[in-house]
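The primary structure of each chain is shown beneath.
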Amino acid sequence: MHPVLARFLTADAAKETLRKEKAGEPLTPEEQPLASATQKAREALKEEGASDEETDAFLASILLEEAFGYEQEVDSFDTDYVKESLGEVPALAALSKDSVDALFLAFIKASENDADRKAREHMARALFEVAWAEGPTSINPEHLETLLDNEVVQESDEVQDARVRATVSLLQTLAHQGLVGPLRLTRLRAQLGDDDA
């Protein structure tokens, strides 16, 4: 079977599991962990006022991101990554403007020096605007691509290095807050060219 076709079929299997979970149909033992993570994500989004349509769109975006968001082999669907992404949803749903502001200020305060502070402030403000302008959602490759295009590539090598380091630090901070899972963190750091990813 062609790898792309296999990927769609596996993604369709995940989608079918989500459909069965939503409809209350019996699940196989293999489907239960994904459904459990999905249920927690649904509850967190509903608690924060999301409609059923908004919740479905959010969950669909997680499947689409895994299917098409990363430059990786197309012959497998990473169910662990999807479960991790669903596990991020309660922390993301609980974010408020005040908690984002507090996160931003704490990140800036942890700067080592003035140059680091400027890079951190600039990149945190830019990433939050790109990723969370319409409300908190999982940081994804498209967000980072936009961030790099708008805030990094046209700068001097020194500024580029400082801004990429600041972005890696920000992603690590978000991971410590439960807003970015370990698999997502590794993928995003790799996208930034971080050799330690």
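Before reading on, note that the structure itself is shown above.
Presented here is a report on the structure given in the accompanying data block. All values derive from a computational prediction rather than experimental measurement. (Residues numbered from 1 in each chain as written. Predicted model: local features only at pLDDT ≥ 70, side-chain atom pairs only at ≥ 80, totals over all residues. Heavy atoms only, no water.)

A short note on the overall build of the protein chain
Part 1 of the argument: When its secondary structure is counted, the protein chain shows 9 helices and 0 strands.
Part 2 of the argument: Counting helices and strands in the order they occur from the N terminus, the protein chain gives α-α-α-α-α-α-α-α-α.
Part 3 of the argument: Among the 197 residues that make up the protein chain, the fraction classed as buried is 42%.
Part 4 of the argument: In the protein chain, once contacts between residues fewer than 6 apart in sequence are set aside, the share between residues at least 24 apart is 61%.
Part 5 of the argument: Counting every atom, the protein chain has about 11,000 Å² of accessible surface; 51% of that belongs to carbon and sulfur. (Helix = DSSP H or I, 4+ residues; strand = E, 2+ residues; numbered from the N terminus. Buried < 20%, exposed > 50% of the residue type's maximum accessible area, 1.4 Å probe, protein only. Contact = heavy atoms within 4.5 Å. Areas by Shrake-Rupley, 256 points an atom, 1.4 Å probe, with all protein chains shown as cover.)

Quick notes on the environment of lysine 22
Part 1 of the argument: Its place among the elements puts lysine 22 in helix α1 (residues 3-23).
Part 2 of the argument: For lysine 22, a relative accessible area of 46% translates into the label partly exposed.
Part 3 of the argument: For the pair lysine 22 and threonine 38, spaced 16 residues apart in the sequence, the C-alpha separation amounts to 9.1 Å.
Part 4 of the argument: Discounting chain neighbours no more than four positions away, the residues touching lysine 22 are Arg42 and Asp56.

Re the nonpolar core
Part 1 of the argument: Core analysis: the biggest nonpolar cluster contains 31 residues, and Leu127, Phe128, Trp132, Ile139, Leu171 and Leu174 have the highest contact counts within it.
Part 2 of the argument: When residues of this core are traced back to their parent elements, those giving at least two are α5 (97-109), α6 (114-132), α7 (141-151), α8 (157-176) and α9 (182-191).
Part 3 of the argument: Here this core gets 8 residues from one element, more than from any other, and that element is α6.
Part 4 of the argument: Non-local contacts of tryptophan 132, meaning those with residues more than four positions away in its chain, are made with Leu92, Leu95, Val100, Leu127, Thr137, Ile139, Leu174 and Leu179. (Core = buried A, V, L, I, M, F, W, Y, C linked by side-chain atoms within 4.5 Å.)

Focus: the packing of aromatic side chains
Part 1 of the argument: This structure, assessed with the given rule, holds 1 aromatic pair.
Part 2 of the argument: The interplanar angle of 10 degrees and the centroid separation of 4.8 Å between the aromatic rings of phenylalanine 128 and tryptophan 132 together place this pair among those described as stacked. In this pair, phenylalanine 128 and tryptophan 132 are both assigned in helix α6, 4 residues apart and thus about one turn of the helix distant.
Part 3 of the argument: When its relative accessible area of 9% is taken as the criterion, phenylalanine 128 is described as buried.
Part 4 of the argument: Here the guanidinium or amino end of arginine 120 rests over the ring plane of phenylalanine 107, the centre of that ring lying 4.3 Å away.
Part 5 of the argument: Positioned above the aromatic ring of tyrosine 81, the side-chain terminus of arginine 187 is 3.9 Å from the ring centre. (Phe/Tyr/Trp six-rings, centres within 6.5 Å; stacked < 30°, edge-to-face > 60°. Lys NZ or Arg CZ within 6 Å of the ring centre and 35° of its normal.)

A short note on the environment of valine 82
Part 1 of the argument: Note on placement: valine 82 falls in helix α4 (residues 79-93).
Part 2 of the argument: Each C-alpha atom, one on valine 82 and one on isoleucine 62, is 6.7 Å from the other, the two residues being 20 residues apart in sequence.

Some remarks on α8
Part 1 of the argument: Here α8 spans 29 Å end to end across 20 residues, near enough to the 28 Å set by a 1.5 Å rise per residue.
Part 2 of the argument: When we look at burial in α8, the residues that qualify are Ala162, Arg163, Ala166, Thr167, Val168, Leu170, Leu171 and Leu174.
Part 3 of the argument: Buried residues belonging to α8 abut α5, α6, α7 and α9.
Part 4 of the argument: Just downstream of α8, glycine 178 is the residue with a positive phi angle, here 80 degrees. (Expected span 1.5 Å × (residues − 1).)

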